[in-house]
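Fold and contact review
What follows is the residue order along each chain.
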Amino acid sequence: MPTVDRVLSDETDATAPTRTAPSEKEPTVSVIVPALNEARNLPHVFARLPQVDELVLVDGGSTDDTVAVARRLRPDIRVVRQNRRGKGNALACGFAAATGDIIVMIDADGSTDPLEIPSFVETLRSGADFAKGSRFGASGGSADITRLRRAGNRCLSLLVNALFGTRYSDLCYGYNAFWARHLDVFDLDHTSPAPDRADGRLWGDGFEIETLLNLRAARARLEIVEVPSFEHSRIHGVSNLNAFTDGMRVLRTIAREWRPRRRTATTSRNGARVG
């Protein structure tokens, strides 16, 4: 189980009582923010960020002042340019660049609340491998999801739970965090060039990334704990999400990732078996 220790100073008094537990260090936290033309939203998002060790903005080729605004607001920010298109590719590039022990992903449009980051981090520190945000938990909610998307998400969640032996309440939500040591489990491609086709994306480069992460975490038998989260409406601009086309990509992702085999589900801290 992941634990957290503090490192003793080299100047510690040699006559002090010997500690019975080994010293540990606080885990470092990297926050990944994929962004495409989000200059007007970044001031709100960054203003609500708690103290973190590393902030990585992954730019998808913005034509506005997204990068300039990010650097003005946070001179310490790391800017990464994604090598293909889509949110999935942006996250893959951001994950590869991150140096923290814990990786948290948030959106640049203001829909995911940065003030919830400590809840995700504490869930991991308490023993989870993968902290999965849920809008449909006890204290979660959404000011943005439509009835169509809610119904589609519920159907897809039920399908995944039946096939993978999970108990996800919110399959298609992208506010998640995990220990960086599990990054290889997700097997994300951040180096291949864009393919010669219209959308310039490989499989997993789009919004299906959220489902892909959830399914591969379950297949790897990581301990998955859902964290209640409230989704806010986008502040400025229009979402690139399309309920039908992206729903079909999620369905194809489920079909591609399913492997009929016996599974041992893990148990979350609140008793809900989710992965």
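Structure report, in brief. (Residues numbered from 1 in each chain as written. Predicted model: local features only at pLDDT ≥ 70, side-chain atom pairs only at ≥ 80, totals over all residues. Heavy atoms only, no water.)

A look at helix H7 (residues 209–219)
Within an α-helix, residues lying three or four positions from one another point in the same direction, as the helix has 3.6 residues per turn. As a reminder, the rule being used: Using a 1.4 Å probe on the protein chains alone, a residue whose accessible area is under 20% of its type maximum counts as buried, one over 50% counts as exposed, and one in between counts as partly exposed. A run of H or I in DSSP becomes a helix once it reaches four residues, and a run of E becomes a strand once it reaches two; helices and strands are each numbered from the N terminus.
Most of H7 is tucked away, with 10 of its 11 residues classed as buried. By the burial criterion, the buried members of H7 are Ile-209, Glu-210, Thr-211, Leu-212, Leu-213, Asn-214, Leu-215, Arg-216, Ala-217 and Ala-218. Arg-221, located one to two residues past H7, shows a positive phi value of around 60°.

Structural notes on the packing of aromatic side chains
The test is simple: For Phe, Tyr and Trp, where Trp contributes only its six-membered ring, two rings pair if their centres lie within 6.5 Å, and the inter-plane angle classes them as stacked under 30 degrees, edge-to-face over 60, or tilted in between. Two limits define a charge over a ring: the Lys NZ or Arg CZ must be within 6 Å of the ring centre, and within 35 degrees of the ring normal.
All chains considered together, the criterion is met by six aromatic pairs. On the basis of an interplanar angle of 15° and a centroid distance of 6.3 Å, the ring pair of Phe-130 and Phe-178 is categorised as stacked. Linking Phe-130 in strand S5 (residues 130–134) with Phe-178 in strand S7 (residues 176–179), this pair joins segments that are 48 residues apart in sequence. Phe-130 sits in the buried class, given a relative accessible area of 0%. Note on Phe-130 and Phe-186: the rings are 5.9 Å apart at their centroids and 50° apart in plane angle, and the pair reads as tilted. Here the residue Phe-130 occupies a position in strand S5, and Phe-186 occupies one in helix H6 (residues 183–186), the gap between them amounting to 56 residues. Residue classification places Phe-186 among the buried residues on the basis of a relative accessible area of 1%. We note Lys-132 situated over the ring of Tyr-168; from NZ or CZ to the ring centre the distance is 5.8 Å. A cation over a ring is seen here: Arg-181 above Trp-179, with NZ or CZ 4.7 Å from the ring centre.

Interpretation in functional terms is not warranted from these geometric data alone.
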